[in-house]
Amino acid sequence: MLNSVLVANRGEIARRIIATAHRLGIRAVAVYSEADAGLPFVRAADEAVLIGPPPPAQSYLDSAAVLAAARQTGAEAVHPGYGFLAESPGFARQVLAAGLTWVGPPPDAIEQMGDKINARNLMAKAGVPVAAGTPEPVASAEAAVVEAARIGYPVMVKAAAGGGGIGMSVAADSDALRAAFETARTRAERFFGNPAILLERYIPRARHVEVQILGLNDGRVVALGERDCSVQRRHQKVAEETPSPGVGPALRERMLAAAVRAGAAVGYRGAGTVECLVDTAAGDFVFLEMNTRLQVEHPVTELVTGLDLVEQQFRIAAGGQISFDPDAVRPTGHALELRVYAEDPRRFLPSPGMITQWVQPAGPGIRVDAGYEEGNQVTPFYDPLLAKLCAWGQDRGEALARAAEAVAGFQIAGPRTNLPFHADLLASEEFISGDYDTSIVGRLRP
């Protein structure tokens, strides 16, 4: 097992990684920006190093500063969490070149799956279903119009190097496509430094369902069930659950098998997620992308399997074996995760400010992964995720009831939060029925 790890992240995920490190007897080092000096994850670490001012480019995205902190503290390994440098093959290679252990997949796997066009082509070759789309970057708006005529409208316009819904939109005709193409290319260049654009056939009534995988040191890839991530605003997830109420046993079996093939195709090692779109009309699925890191929503998988995925990441990175028999895993019950953001609950715009009250719920089946507490300042520099409120039940009905009670009991004052949205979601007939898709938020917040 590892002796020490530097957590190259912040907020709730840094705190969560540190907790598992401590349980395993691993010394945990935190890095933080000036804006985050008072956050709980800094105090939770055995040692913490200030790496820069608030802007991410000058702190959490500064790979030289992160590696300098690792050298300064004698950290043996680096865990990137999610976001920031987590899916940077260049940073992973820098960590390895420095003689440190990278708690993540091989850099080549990150690189292969980081480009959506390359990933699509690779998955198709591996026998993973992919949507009709472009096998190469689209050079211009007019070329996009030609390709869309071949694919068929409506089409999804996507940044090839993108993530988090940035640079993504739907076009129903050629005029809309021309405008969407230019907007997507501009945003892709700005956010990812890569203007490459691809087109895919848009599935009007789809569910966003992903499969959690682990790549083991013996070359095997195992699947640990699926998560439904269809509750989204601006193509960004707000709530997740497992198992998906829209996936039956036969479809589940095929999705899990495809996810294993996807991981094997790139020699995957560690925790990763294969994201898919489920066509509710056709009852089938296509590959969307692969996230080569730990997902925000990993707690729901942990709640139904009883596993600690961060522990498995540490074990795999150290060259050892996982702590469980993958053939004996039997998910039990139902779990939901509600992302609690400091944002306007109707328009979903960030709402920074001082937290003057923080009373989080507890009780049977309730888990809260929090990055803040009373007295902390929510700044405008980072994603406004405050906490992840998770609920487990013997069945979906019990999980929903526990989640609704927990939302009602979660008291946060100061910044506005999206807790009222979650209350509405859990009370909506559409969500309760389980028969919903990625457009549900638009109906709840027209």
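Before any of the text, the structure's been laid out above.
Residues numbered from 1 in each chain as written. Predicted model: local features only at pLDDT ≥ 70, side-chain atom pairs only at ≥ 80, totals over all residues. Heavy atoms only, no water.

### Observations regarding the overall build of the protein chain
Stated formally: Each helix corresponds to a stretch of at least 4 residues labelled H or I by DSSP, and each strand to a stretch of at least 2 residues labelled E; elements are numbered beginning at the N terminus. Note on method: radius of gyration uses C-alpha positions; expected globular size equals 2.2 Å times residues raised to 0.38. Any pair of residues with heavy atoms lying within 4.5 Å of one another is described as a contacting pair. The accessible surface values rely on the Shrake-Rupley method and a 1.4 Å probe; as for residues, cover is taken only from the protein chains in view.
Tallying secondary structure elements over the protein chain gives 15 helices and 20 strands in all. The C-alpha atoms of the protein chain give 21 Å as radius of gyration, which agrees with the globular expectation for 446 residues (22 Å, within 12%). Counting only C-alpha atoms, the protein chain reaches 60 × 50 × 45 Å along its principal axes. Taking the contacts inside the protein chain whose residues are at least 6 apart along the sequence as the reference set, 65% of them involve residues at least 24 apart. Taken as a whole, the protein chain presents about 16800 Å² of accessible surface, with 52% of it coming from carbon and sulfur.

### Remarks on the layout of surface pockets
Stated precisely, the cut-off is as follows: Note on definitions: the grid is 1 Å and covers protein atoms alone; a cavity is a set of points where a 1.4 Å probe fits but cannot get out; a pocket is an open set with protein on both sides within 12 Å along at least five of seven lines; lining residues have an atom within 4 Å of a point. Grid points are joined across faces, edges and corners, and a volume is the space filled by probe spheres set on the points.
Its volume calculated, the second largest pocket comes out at about 190 Å³. Considering the residues around the second largest pocket, the lining is formed by 15 residues, among which Leu-224, Gly-225, Glu-226, Arg-252 and Pro-331 are closest to the centre. Of all the secondary-structure elements, those providing two or more residues to the lining of the second largest pocket are strand S10 (221–233), helix H9 (249–265) and helix H10 (298–305). The greatest single-element share of the lining of the second largest pocket, amounting to 4 residues, is contributed by S10.

### Topic: the nonpolar core
Defined as follows: To define a nonpolar core, start from buried Ala, Val, Leu, Ile, Met, Phe, Trp, Tyr and Cys residues and group those joined through side-chain atoms within 4.5 Å. Categorising residues by exposure relies on relative accessible area from a 1.4 Å probe, with only protein chains included: less than 20% of the type maximum marks a residue as buried, more than 50% marks it as exposed, and the intermediate range marks it as partly exposed.
Counting residues in hydrophobic clusters, the biggest one holds 92 residues, and the most contacted among them are Leu-6 and Val-231. Setting aside anything within four residues of it in sequence, one finds Leu-6 in contact with Val-29, Val-31, Val-66, Ala-69, Ala-70, Ala-75, Ala-77, Val-78 and His-79. Counting 25 residues, the second largest nonpolar core, distinct from the first, contains Val-128, Ile-213, Val-247 and Ala-258.

### A look at the packing of helix H3 (residues 63–73) against helix H4 (residues 89–97)
Put simply, the rule reads: Under this scheme, a helix contributes an axis fitted over its contacting stretch, all axes are lines through C-alpha atoms, and angles between N-to-C directions fall in the 0 to 180 degree range. If an angle is under 35 degrees, it is roughly parallel; if it is over 145, roughly antiparallel; if it lies from 65 to 115, roughly perpendicular; otherwise it is oblique. Left-handed describes a crossing in which the near helix is turned anticlockwise from the far one by less than a right angle; the clockwise case is right-handed. In this count, Pro and Cys sit with the nonpolar residues alongside Ala, Val, Leu, Ile, Met, Phe, Trp and Tyr, while Asp, Glu, Lys and Arg are called charged and the others, Gly among them, polar.
Where H3 meets H4, the axes come as close as 11 Å, and the angle between the chain directions of the two elements is 25°. Regarding the angle of H3 to H4, the classification is roughly parallel. Crossing hand, H3 versus H4: right-handed. Seen from H3, the contacting residues are Ser-63, Val-66 and Leu-67; seen from H4, they are Phe-91, Gln-94 and Val-95. Of the residues in the contact of H3 with H4, the class split is 4 nonpolar, 2 polar and no charged.

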